[in-house]
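# Close look at the chain arrangement
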Amino acid sequence: MTRARVLLLTAALGPLDYRVPHGSEAPLGSVVVAPLGPRRMGGVVWEEASFGAPDPVGDNRLRNLYEIVDVPPIRAPLRRLVEWTSDYYLAPPGAVLRMVLPGAAFADARRPIVEYRATGELPARMTPQRIVALERIGARQGMVRELAALAEVSEAVIRGLVQAGALEAVEVSADAPCPEPDPAFAPPGLSDEQAAAAGQLRDAVAAARFETLLLDGVTGSGKTEVYMEAIAAAVEAGKQTLVLLPEIALTEPMLTRFAARFGCEPVPWHSGLRSTERRRAWHAIASGEAKIVVGARSALFLPYADLGLIVVDEAHETSFKQEDGVHYHARDVAVMRGSFEGLPVILASATPALESLAQVEAGRYRHIVLPARYGGATLPDLAAIDMRRDPPDRGRWLAPPLVDALAGRLGKGEQSLLFLNRRGFAPLTLCRTCGHRIQCPNCTAWMVEHRLVHRLACHHCGHVMPPPRLCPECEDEDSLVACGPGVERVADEVKLRFPDARTAIVTSDTLWSPAKAAEFVDAVEGGLVDIIIGTQLVTKGYHFPNLTLVGVVDADLGLDGGDLRASERTFQQIAQVAGRAGRGVKPGEVLIQTRVPEAPVMSALVAGDRDGFYAAEAAARKQAGAPPYGRFAALVISSEDIEVARGVAQRLGQKAPAADGLAIYGPAPAPLAMLRGRHRFRLLLHAPRSFDLQGTIRDWIARIDWPAKARLAIDVDPYSFV
Ligand code: ADP
Ligand code: ZN
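Residues numbered from 1 in each chain as written. Chains lettered and ligands numbered in written order. Predicted model: local features only at pLDDT ≥ 70, side-chain atom pairs only at ≥ 80, totals over all residues. Heavy atoms only, no water.

## Overview of the overall build of the chain
Stated precisely, the cut-off is as follows: The helix count covers DSSP runs of H or I at least four residues long, the strand count covers runs of E at least two residues long, and both are numbered beginning at the N terminus. Each radius of gyration is computed over the set of C-alpha atoms, and the globule rule expresses the reference value as 2.2 Å times the number of residues to the power 0.38. In this scheme, a residue with accessible area under 20% of its type's maximum is buried, one over 50% is exposed, and one in between is partly exposed, where area comes from a 1.4 Å probe on protein chains only.
Each helix and strand in the chain was counted, giving 19 helices and 29 strands. A compact globule built from 722 residues would reach a C-alpha radius of gyration of about 27 Å, and the chain, at 27 Å, matches this within 12%. Projected onto the principal axes, the alpha-carbon positions of the chain cover approximately 80 × 70 × 65 Å. Split into buried and exposed, the 722 residues of the chain put 52% on the buried side.

## So, the pairing of strand 24 (residues 547-552)
This is how the line gets drawn: One bridge is not enough; two strands pair if DSSP finds at least two bridges between them.
Burial within strand 24 is extensive, with six of its six residues counted as buried. Across five bridges, the pairing between strand 16 (residues 415-419) and strand 24 is parallel. Note on strand 24: the bridge partner recorded for L418 is G551.

## Considerations on the site of ligand 1
To keep it simple, the criterion reads: When we say a residue is near a molecule or strand, we mean one of its heavy atoms is within 4 Å of it. Nitrogen and oxygen atoms within 3.5 Å of one another constitute a polar contact, given that in protein one can donate a hydrogen and the other can accept it, and given that sequence-neighbouring residues count only through two side-chain atoms. Here the accessible surface of atoms and residues is derived via Shrake-Rupley with a 1.4 Å probe, and residues count as covered only by protein chains that are part of the display. For cavity detection a 1 Å grid was placed over the protein atoms alone, and a set of points counts as a cavity when a 1.4 Å probe fits there but cannot get out; an open set counts as a pocket when protein lies on both sides within 12 Å along at least five of seven lines, with lining residues being those that have an atom within 4 Å of a point. To be counted as sitting in a cavity or pocket, a molecule needs more than half of its atoms within 2 Å of that site's grid points. Gly falls in the polar group here, along with every residue not listed as nonpolar (Ala, Val, Leu, Ile, Met, Phe, Trp, Tyr, Cys, Pro) or charged (Asp, Glu, Lys, Arg).
Around ligand 1, 16 residues are found, and the nearest of them are Q194, G220, K223, T224 and E225. G220 has a polar backbone atom sitting 2.8 Å from an oxygen atom of ligand 1. One of the backbone N or O atoms of G222 is found 3.0 Å from an oxygen atom in ligand 1. Expressed as a share of its isolated accessible area of 550 Å², the protein-covered part of ligand 1 is 80%. Here ligand 1 is seated within the second largest pocket. Considering every element that reaches the shell around ligand 1, the biggest residue donor is helix 7 (residues 223-236), with three residues. Considering only residue class, the shell around ligand 1 consists of four nonpolar, eight polar and four charged.

## Topic: the nonpolar core
The condition is simple: We define a nonpolar core as any set of buried Ala, Val, Leu, Ile, Met, Phe, Trp, Tyr and Cys residues linked to one another through side-chain atoms lying within 4.5 Å. Here, residues are in contact when the closest pair of their heavy atoms is within 4.5 Å.
Formed by 148 residues in total, the largest nonpolar core has its most connected members in Y227, F258, F520 and I532. Per-element accounting of this core gives the leading share, nine residues, to helix 7. Contact partners of Y227, with chain neighbours within four places excluded, come to L201, L215, V243, M254, F258, V311, D313, I346 and A348. The next biggest cluster of nonpolar side chains, apart from the first, holds 22 residues, and it includes M387, V403, F498 and L549.

## A closer look at the layout of surface pockets
The condition is simple: Grid points are joined across faces, edges and corners, and a volume is the space filled by probe spheres set on the points.
Empty space within the second largest pocket amounts to approximately 860 Å³. Around the second largest pocket, the lining is made up of 33 residues, and of these R257, G541, Y542, H543 and R583 lie nearest the centre. When residues of the lining of the second largest pocket are traced back to their parent elements, those giving at least two are helix 7, helix 8 (251-262) and helix 14 (514-525). Here the lining of the second largest pocket is built from residues that sort into twelve nonpolar, eleven polar and ten charged.

## Here we look at the side chain of E247
Mapped onto the elements of the fold, E247 is located in the loop between strand 9 (240-244) and helix 8. Taking relative accessible area as the criterion, E247 reaches 17% and is therefore assigned buried. Apart from residues no more than four positions distant in its own chain, E247 is found in contact with S319, Q536, L537 and K540.

## Points about helix 4 (residues 144-151)
Looking only at helix 4, the buried set comprises V144, E146, L147, A148 and A151. Among the structural elements, strand 6 (113-118), helix 3 (128-137), helix 5 (155-163), strand 7 (167-172) and helix 9 (275-287) are those in contact with the buried residues of helix 4. Following helix 4 by one or two positions, E152 adopts a phi angle in the positive range, close to 55°.

## Let's talk about the packing of aromatic side chains
In plain terms, the rule: When two rings of Phe, Tyr or Trp (its six-membered ring) have centres within 6.5 Å they constitute a pair, described as stacked for plane angles under 30 degrees, edge-to-face for angles over 60, and tilted for the intermediate range.
Within this structure, the stated rule accounts for 13 aromatic pairs. Ring plane angle 65° and centroid distance 5.9 Å describe the contact between F613 and Y614, whose orientation is recorded as edge-to-face. For the pair shown, F613 and Y614 are each scored as buried. Taken together, the ring pairs in this structure connect W84, Y88 and Y89 into an aromatic cluster.

## As for the sheet that holds strand 4 (residues 39-45)
Just so we agree on the cut-off: In this analysis, axes come from line fits to C-alpha atoms, helices being fitted only over the stretch in contact, and the angle between any two N-to-C directions falls in the range 0 to 180 degrees.
If you walk across this open sheet you meet the five strands as 2-1-4-3-5, and the pairing is antiparallel. At either end of the open sheet lies a strand with only one pairing partner, and these are strand 2 (16-19) and strand 5 (67-68). Of the pairings in the sheet, the one linking strand 1 (residues 3-8) to strand 2 comprises four bridges and is antiparallel in character. Within strand 2, the residue paired with R3 across the bridge is R19. Helix 2 (residues 93-100) contacts strand 1 and strand 4 of the sheet and is inclined by roughly 85° relative to strand 1.

## Comments concerning the coordination of the zinc ion (ligand 2)
Under the convention used in this document: Excluding water, the donors of a metal are its N, O and S neighbours within 2.8 Å, or within 3.2 Å for Na, K and Ca, and that exclusion means sites may look incomplete. Any coordination sphere not matching a tetrahedral pattern (four donors, all angles between 85 and 135 degrees) or a square planar or octahedral pattern (four or six donors, opposite donors over 155 degrees apart, other angles between 65 and 115) is reported as irregular.
Looking at the metal site, the zinc ion (ligand 2) is ligated by C440 (SG), C443 (SG), C458 (SG) and C461 (SG), spaced 2.2 to 2.4 Å from it. Coordination at the zinc ion (ligand 2) is tetrahedral, judged from the four donor atoms that bind it and the angles of 103 to 116° they form at the metal. All donor residues of the zinc ion (ligand 2) come from one chain, and their arrangement in sequence is C-x2-C-x14-C-x2-C. Of the two residues, C443 is situated in the loop between strand 17 (428-431) and strand 18 (448-450) and C458 in the loop between strand 19 (455-457) and strand 20 (464-465); the sequence distance between them amounts to 15 residues. The two residues C443 and C458 agree in class, both being buried.

## A short note on the UniProt feature "domain: Helicase ATP-binding" (unreviewed entry) in the chain
Defined as follows: UniProt positions are given in the numbering used here, feature names are shortened, and annotations may be inferred rather than shown by experiment.
According to UniProt, the positions carrying the feature "domain: Helicase ATP-binding" (unreviewed entry) are residues 204-370. Measuring from the first to the last C-alpha atom of residues 204-370 gives 17 Å, for a span that is 38% helix and 23% strand.

## A closer look at helix 7
This is how it is decided: The span expected for a helix works out to 1.5 Å for each residue beyond the first.
End to end, helix 7 covers 20 Å across 14 residues, agreeing with the expected 20 Å (1.5 Å per residue, within 8%). Taking burial as the measure, the 14 residues of helix 7 include twelve buried ones, the bulk of the element. Within helix 7, burial applies to K223, T224, V226, Y227, M228, E229, A230, I231, A232, A233, A234 and V235. Note on helix 7: the residue one or two positions beyond its end, G238, has a positive phi of about 75°.

## What about the UniProt feature "binding site: Zn(2+) 2" (unreviewed entry) in the chain?
Taking the numbering used here, the UniProt-annotated feature "binding site: Zn(2+) 2" (unreviewed entry) corresponds to C440, C443, C458 and C461. The greatest C-alpha distance among the annotated residues, which extend across 22 residues, is 8.6 Å, indicating that they converge on a single site. Positionally, C440 belongs in the loop between strand 17 and strand 18. Discounting residues that sit within four places of it in the chain, C440 has contacts with A445, M447, C458, C461 and H463.

## Describing a nonpolar patch on the surface
We count it as follows: The patches described consist of residues with a relative accessible area above 30% and no salt bridge, like charges being joined within 9 Å and nonpolar side chains (Val, Leu, Ile, Met, Phe, Trp, Tyr) within 5 Å. One speaks of a salt bridge when a side-chain nitrogen belonging to Lys or Arg is within 4 Å of a carboxyl oxygen belonging to Asp or Glu.
Taken together, L122, M126 and I131 make up a surface patch of nonpolar side chains, about 280 Å² in accessible area. Among the structural elements, M126 can be located in the loop between strand 6 and helix 3. The exposure class of M126 is partly exposed, given its relative accessible area of 33%.

## Considering the sheet that holds strand 18
Read from one edge of the open sheet, three strands run 18-19-20, paired in antiparallel fashion. Both outer strands of the open sheet, strand 18 and strand 20, are each paired with one neighbouring strand and no more. Pairing between strand 18 and strand 19: three bridges, direction antiparallel. Across the sheet, the residue bridging to E449 is L456, located in strand 19.

## Topic: the packing of helix 1 (residues 76-88) against helix 10 (residues 330-341)
Stated formally: Any angle between 65 and 115 degrees counts as roughly perpendicular, while under 35 counts as roughly parallel, over 145 as roughly antiparallel, and the rest as oblique. Put simply, a crossing is left-handed when the front helix is turned counterclockwise from the back one by less than a right angle, and right-handed when it is turned clockwise.
Viewed as axis vectors pointing N to C, helix 1 and helix 10 meet at an angle of 140°, and their least axial separation amounts to 9 Å. Between helix 1 and helix 10, the angle is such that the two are oblique. The handedness of the crossing between helix 1 and helix 10 comes out as right-handed. Two secondary-structure elements touch here, helix 1 through P77, L78, R80, L81, W84 and T85 and helix 10 through V333, M336, R337, F340 and E341.

## Observations concerning unusual backbone geometry
Cis geometry is adopted by the peptide bond preceding P628, which originates at P627 and carries an omega value of 5°. With respect to the helices and strands, the residue P628 is situated in the loop between helix 17 (610-624) and strand 26 (630-639). Residue G666 is joined to P667 through a cis peptide bond whose omega torsion reads 10°. Residue placement: P667 occurs in strand 27 (residues 663-675). If you check the backbone angles, H454 has positive phi at about 60° while not being a glycine. In this fold, H454 is placed in the loop between strand 18 and strand 19.

Rendered as structure tokens:
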């Protein structure tokens, strides 16, 4: 009889033993469907020695596997990556495995899926809901569930439209072929510096060995062009490449750019894909047919058949850190995947993370530098506007020098970008009479006014409400005032000052889909926009040659909050957004509004002294034992019942381990003391780099009885300290 140890797709259980049905085989890595109680559940056949090698179950208690799925087995390097990720981030292995086999993506590709699309016929009976639904669906196609979500109606409404003949069924096969990129389609003529860098990357791909290469080039130096040469080398060798991007919004422009270089679009992977697209992408990745995959961090765990290269673009971005579920950092896991698979990993950035530069210094990463912009474009001039000396008018946010600069650009027909990392109209609504501040009922956070949609919204839990007319506290009428600016308010000021200027607001509220992002790019490239007002979403990736002015509305915003990376992040964010200016033949100018122009990060930005800034920042971190020279981990205990959460946190505190070099802060209410209706307490661990934090935490939490109503979130190497 053959047995198989199977890691199931559930966070709740470790590996379980099954019997392989007579006549079948289930070698290591096989994707299987197994019985679990009354349910069927997917899983992967795993080594017996893994996960602490639990004792095997007796033969007489084994149940038969239901099915061995006809897809390529999950290879050993990826199994090792799942184990490593689970171990390092203290996450259940089943939760990590779910990223390898997401949803029903691995279901049989040959079984067609039925989607629906509009026929153009209107149903005899039109209800307001049906009108709205058809309008929102437009020319799009999807499964009933997806169309219902898209149109924000129930599935019954969609089915009604199908019955009435307004929507028709279309069969979609998930194994449609995937076009083959052509490395010789349109290679660029590289500058000498670019060619030298590209040569090193090509050699690294040819060597097919693990190595991390930091491609460190100023904005507009051609990093993308250069790493595409490495991808060409991988395609020539018949291997697959994964390109990780920090935002879904960047995928669409990237697909177009890759199509121009390789003659066809790469395969995208992100949460915005339809079920059929996901299934098709998963199978093309697992069969090796998808040669170039461009995706968000979740693309990292997919079962590539023959991966030859990983590129992490904008590698300094903190959005590579996943903040719920498995708290992993995609940049760090990408490097680990490279080491398990034996392949090169390219980290591309104009403002590398201090962590990456420290690895260069330690001799572990190869440093490849592109010091100048391509084609003679110069880096923009940065200047600070001292808001204490040159304040904006009362109730306004743009200081006179910035307003003058905007007027100048409008006069010349050039484009400007105003950057403010705050969505909505105003971050706070306050009662003028009694001082009451409108707070989210579920979170320790203020409700943010979104005037365009006439709502107050919580940016933490998504709670929305109409703006009240009376103060909820003193019931005074029309006493509520908006405090502080968000992008919508800055856009209002721009419209007031320059009524003829054409503006575009760019935030996750307006650019919520790849299609919207593509629309925005077309509008700016087509010269239909004069002034862009945007959040961090516009700081990276975009290349608009006619954009010559960048105004940073509030450069100090990121500095408060006490985050250990606040200065670094501010430096990166402003350097990145500055990098959008003057990318064509016309030179760029950047004006930074700040109340602390003397702060080291501001003076380094203005002086263009990147090395000086990083050196000072590194010294300060070393002094404090902060990353990359020391380590943190956070334990957040939460419960809907504050006493339950407090109780567990206190018991953890009482049993806190003591060890040389280890400091434990808390338990204390987390800075975000309530989130989504759950009360939160935090313990923060700080230790030297060499300290075994994971082992310590594992032993520690095993000593506590865990009530069902309390939840523990573990964040190793946290980036967010709320
Ligand atoms: P980065 O990623 O470093 O910001 P990009 O790769 O986006 O830089 O390059 C900036 C702009 O210059 C892009 O429009 C790109 O197409 C163009 N460019 C860079 N290098 C070349 C080259 N060798 N030939 C033609 N265009 C180039
Ligand atoms: Zn909330």
